[in-house]
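Summary of the model geometry
Residue-level listing of the chains:
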Amino acid sequence: MASETSSILQTRDGLSLTGHHHLPSEARARIVLVHGYAEHTGRYRELIAALTASGYECHAMDLRGHGVSEGVRGHVSDFEEYLDDLDLFLERIGAGGAGVSTSLPCFLIGHSLGGLISLQYVLHRPSTFRALAVSSPFLYPALPIPWLKEALGTVASHLAPTLLMDSGIDPQGLSHDQAVVDAYVSDPLVFKTVSPRWFTAARQAQDDTLKRAGEIHLPTLFLLGSADPIAQPERGREVFERLGSPSKRLKVYEGFFHEVLNEVGRKQVLGDLMSWLDEQV
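The sections below set out a description of the structure shown in this document. Because the structure is a prediction, the values reported are computed rather than measured.

Structural notes on the packing of helix H3 (residues 113–124) against helix H6 (residues 196–212)
At a minimum axis separation of 10 Å, H3 and H6 run at an interaxial angle of 55 degrees. On the basis of the axis angle, H3 is oblique to H6. In this structure, H3 meets H6 at a crossing whose hand is left-handed. Contacts between H3 and H6 involve Leu 113, Leu 116, Leu 119, Gln 120, Leu 123 and His 124 from the first element and Trp 198, Ala 202, Ala 205, Gln 206, Asp 208, Thr 209 and Arg 212 from the second. Of the residues that constitute the contact of H3 with H6, the class distribution is 7 nonpolar, 4 polar and 2 charged.

A closer look at the packing of aromatic side chains
Tallying each qualifying case throughout the model produces 7 aromatic pairs. Ring centres 5.4 Å apart and planes at 25 degrees place the aromatic pair Tyr 253 and Phe 256 in the stacked group. Of the residues examined, Phe 256 reaches a relative accessible area of 12% and is grouped as buried. Chaining the aromatic ring pairs together yields one cluster made of Tyr 37, Phe 138, Phe 191 and Trp 198.

What about the nonpolar core?
In this structure, Val 32, Trp 198 and Phe 222 are the most contacted members of the largest nonpolar core, which totals 52 residues. Put simply, the parts of the chain that give this core at least two residues each are strand S3 (29–34), helix H2 (80–94), strand S5 (106–111), H3, strand S6 (131–135), H6, strand S9 (220–225) and helix H7 (233–242). Ignoring sequence-local partners within four residues, the contact set of Val 32 consists of His 59, Leu 86, Phe 89, Leu 90, Ile 93, Cys 106, Phe 107, Leu 108, Ile 109 and Phe 129. Listed in part, the 25 residues of the second largest apolar core include Leu 33, Leu 51, Tyr 253 and Phe 256.

Details of the pairing of strand S2 (residues 16–23)
Of all 8 residues in S2, 8 are buried, a share of seventy percent or more. Covered by surrounding structure in S2 are Ser 16, Thr 18, His 20 and His 22 together with Leu 17, Gly 19, His 21 and Leu 23, the residues of both alternating faces. As paired elements, strand S1 (residues 3–10) and S2 share 8 bridges and run antiparallel to each other. Within S2, the residue paired with Ser 7 across the bridge is Gly 19. A loop of 5 residues connects S1 with S2, the two strands running antiparallel in sequence, and Gly 14 in this loop sits at a positive phi of about 90 degrees. As paired elements, S2 and strand S4 (residues 56–61) share 4 bridges and run antiparallel to each other. Counterpart to His 21 in the pairing with S4 is His 59.

Quick look at the pairing of S6
The side chains of a regular strand alternate between both faces of the sheet. Summarising burial for S6: 5 of the 5 residues are buried, a large majority. The alternating pattern of S6 places Ala 131, Ala 133 and Ser 135 on one face and Leu 132 and Val 134 on the opposite face, and all of these are buried. The pairing of S5 with S6 spans 5 bridges and is classified as parallel. Each bridged residue has a counterpart across the sheet, and for Phe 107 the counterpart in S6 is Ala 131. As a crossover connection, the stretch from S5 through H3 into S6 is right-handed. Where S6 meets S9, 4 bridges bridge the pair, whose relative direction is parallel. What sits directly across from Ala 133, in S9, is Leu 221.

Conventions adopted
Residues numbered from 1 in each chain as written. Predicted model: local features only at pLDDT ≥ 70, side-chain atom pairs only at ≥ 80, totals over all residues. Heavy atoms only, no water. Axes fitted to C-alpha atoms, helices over the stretch in contact; angles between N-to-C directions. Helix = DSSP H or I, 4+ residues; strand = E, 2+ residues; numbered from the N terminus. Parallel < 35°, antiparallel > 145°, perpendicular 65-115°, else oblique. Left-handed = near helix turned anticlockwise from the far one by under 90°. Contact = heavy atoms within 4.5 Å. Nonpolar A, V, L, I, M, F, W, Y, C, P; charged D, E, K, R; others polar. Phe/Tyr/Trp six-rings, centres within 6.5 Å; stacked < 30°, edge-to-face > 60°. Buried < 20%, exposed > 50% of the residue type's maximum accessible area, 1.4 Å probe, protein only. Core = buried A, V, L, I, M, F, W, Y, C linked by side-chain atoms within 4.5 Å. Pairing = 2+ DSSP bridges. Right-handed = clockwise from strand over helix to strand, strands pointing away.

Nothing here speaks to function; it is all geometry.
Put into structure tokens, the structure is as follows:
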């Protein structure tokens, strides 16, 4: 059985973010988990339970504007805010907060927006983690955005950066498991808004990741759903191919939607992830 604790982190701009720490009785490695857009760490309990049962510490934080953390829902002024927040979270863990060990190898796992954040993080802080795994990283929208809408969004990011609009995320594109979709729809911590500034900040991060992917040399695992209607799997493949890592692995699951770890066939995905993590340890 793993113990579970929580912590409160104060950001440099005065927000309170909530961290969650899941500690097995005997740990062999530490995992930092970064969740996706408009959701929260509570949706990863099945994954966290499997990881802690295999001896992995799991540390996850509700991103600013997400879950029970403070901040405008679906807004950042700059993508760097996510990286700065993760810096502080890692400092808290490294300082011995939440009773964690400081001598364990540390791995980073990110889903969707969390995948984009994770890729950006290892680009800017390449020596922090031992290895990186991302599922359905949000490297480009699966649905094309009309040029006029994108142009208006760019203008609005300067004139009305915090103006909240409908994100347009269709929950049916998350998983073929209807129970997963229903739980997402009824979850009071899930939101449907996005700001123009968040959109332009994410687009800049996506472009930067594509251009600089060759600078990533960590062992890296990509988990993609071939039928993902939210994050374009083709862009995921492209970024994967550009990675500079001599140890990289791509798993594409035929017909899977966006949340590959919440899909009907998630046991296969979880098994692939666990096998890869065991190799890294």
